[in-house]
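# Secondary and tertiary structure notes
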Number of protein chains: 2
Amino acid sequence: MKSKAVFYHAGCPVCTSAEQSILGALDTGRIDVEVVHLGTDKSRLPEAESLGIKSVPALVLDGQVFHVNFGASLSDLK
Amino acid sequence: MKSKAVFYHAGCPVCTSAEQSILGALDTGRIDVEVVHLGTDKSRLPEAESLGIKSVPALVLDGQVFHVNFGASLSDLK
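Quantities reported herein were computed from a predicted structural model and do not represent experimental measurements.

Here is what the cut-offs are and how they apply
- Residues numbered from 1 in each chain as written.
- Chains lettered and ligands numbered in written order.
- Predicted model: local features only at pLDDT ≥ 70, side-chain atom pairs only at ≥ 80, totals over all residues.
- Heavy atoms only, no water.
- Pairing = 2+ DSSP bridges.
- Helix = DSSP H or I, 4+ residues; strand = E, 2+ residues; numbered from the N terminus.
- Contact = heavy atoms within 4.5 Å.
- Buried area = accessible area lost by both parts, 1.4 Å probe.
- Salt bridge = Lys/Arg side-chain N within 4 Å of Asp/Glu carboxyl O.
- Nonpolar A, V, L, I, M, F, W, Y, C, P; charged D, E, K, R; others polar.
- pLDDT = per-residue confidence, 0-100.
- Disulfide = S-S within 2.5 Å.
- Buried < 20%, exposed > 50% of the residue type's maximum accessible area, 1.4 Å probe, protein only.
- Expected span 1.5 Å × (residues − 1).
- Least-squares fit on C-alpha atoms with pLDDT ≥ 70 in both.

### Let's talk about the pairing of strand 4 (residues 64–73) of chain A
Within a regular strand, the side chains alternate between the two sheet faces. Residues and elements named next belong to chain A. Of the pairings in the sheet, the one linking strand 3 (residues 55–61) to strand 4 comprises six bridges and is antiparallel in character. Pairing of Val60 across the sheet is with Val65, part of strand 4. Taken together, strand 3 and the strand that follows it, strand 4, pair antiparallel across an intervening segment of two residues, in which Asp62 is found at a positive phi of about 50°.

### A closer look at the interface of chain B and chain A
Tallying the contact residues gives 17 residues for chain B and 17 residues for chain A. Of the roughly 1,400 Å² buried where chain B meets chain A, counting both sides, 50% is carbon and sulfur surface. When residues of chain B are sorted by the area they lose upon contact with chain A, Ala25, Phe66 and Asn69 of chain B head the list and together hold 34% of the total. One can count zero salt bridges joining chain B with chain A. Of all elements in the fold, only helix 1 (13–25) and strand 4 (64–73) of chain B reach the threshold of two or more residues within the side of chain B that touches chain A. Along the lines of polarity and charge, the residues of the side of chain B that touches chain A split into nine nonpolar, six polar and two charged.

### Re the pattern of salt bridges
All names here are of chain A. Throughout the structure, instances matching the rule amount to twelve salt bridges over all chains. One salt bridge in this structure joins Lys4 and Glu34, with 3.4 Å as the shortest N-O distance. Taken together, the residues span a long stretch of sequence, with Lys4 in strand 1 (residues 3–9) and Glu34 in strand 2 (residues 31–37) at a distance of 30 residues. Note that Glu49 is salt-bridged to Lys78, the shortest N-O span being 2.6 Å. Here Glu49 is found in helix 2 (residues 45–51), whereas its partner Lys78 is found in the segment after strand 4, with 29 residues between them in sequence.

### A look at the confidence of the model for chain A
Here chain A averages 94 in pLDDT, while 100% of its residues score no lower than 70. Among the scores for the predicted complex, ipTM is 0.88 and pTM is 0.92.

### Looking at the state of the cysteines
Residue and element names in this part refer to chain A. A full pass over the atoms with the stated rule returns two disulfides over all chains. Between the sulfur atoms of Cys12 and its disulfide partner Cys15 the distance amounts to 2.5 Å. Since a negative S-S torsion denotes a left-handed disulfide, the Cys12-Cys15 link at about 60° is right-handed. Judged by relative accessible area, Cys12 falls into the buried class, the value being 16%. The class of Cys15 is buried, set by a relative accessible area of 0%.

### Remarks on helix 1 (residues 13–25) of chain A
Spanning 13 residues, helix 1 of chain A covers 19 Å between terminal C-alpha atoms, matching the ideal 18 Å at 1.5 Å per step. Every buried residue belonging to helix 1 of chain A is among Cys15, Ala18, Ile22, Leu23 and Ala25 of chain A, and all of these are buried.

### Describing the relation of the copies chain B and chain A
Superposing chain B onto chain A takes a rotation of 180° combined with a translation of 0.0 Å along the rotation axis, leaving an RMSD of 0.0 Å. Accordingly, the operation relating the two chain copies is best matched by a two-fold axis. A symmetric contact is evident, with 100% of the interface residues of chain B recurring at the interface of chain A.

### A short note on the side chain of Ser21 of chain B
Position of Ser21 of chain B among the secondary structure elements: in helix 1. Residue class for Ser21 of chain B comes out buried when judged on its relative accessible area of 19%. Residues contacting Ser21 of chain B, with those up to four places away along its chain left out, are Leu61, Gln64 and Phe66 of chain A.

Have a look at this one:
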């Protein structure tokens, strides 16, 4: 079964840079990658919060949250 | 040419968790991965600082620094 990676971002420069570098380095043969833009798709904010995401960009690997650098606080996206 | 990823950590629980998940997701067919334990190999602290690393764990992809969550400040490792 493939692993699942979800990259949450908000379109900020920090997010975009992290998206390109980190997602480009993942092994997509083993991992399904989904990108969620919380700035435009606010309907997924509750899901992000329930996962424990505090800021974007954040990478979630099989349910484990990794905050990457600091682009924007989730509370700024509401 | 393969890309280069260096994962700097200090053996803390946050570091170990990030190391296993993130390094396990990278495409090692395209990326050479090196792990540097700054807690035991303090001789590499100046290199980490010159890259712009402020805390560990940190993932450096082709020279670009991504701080992951927050394990320990670099200043605490000196």
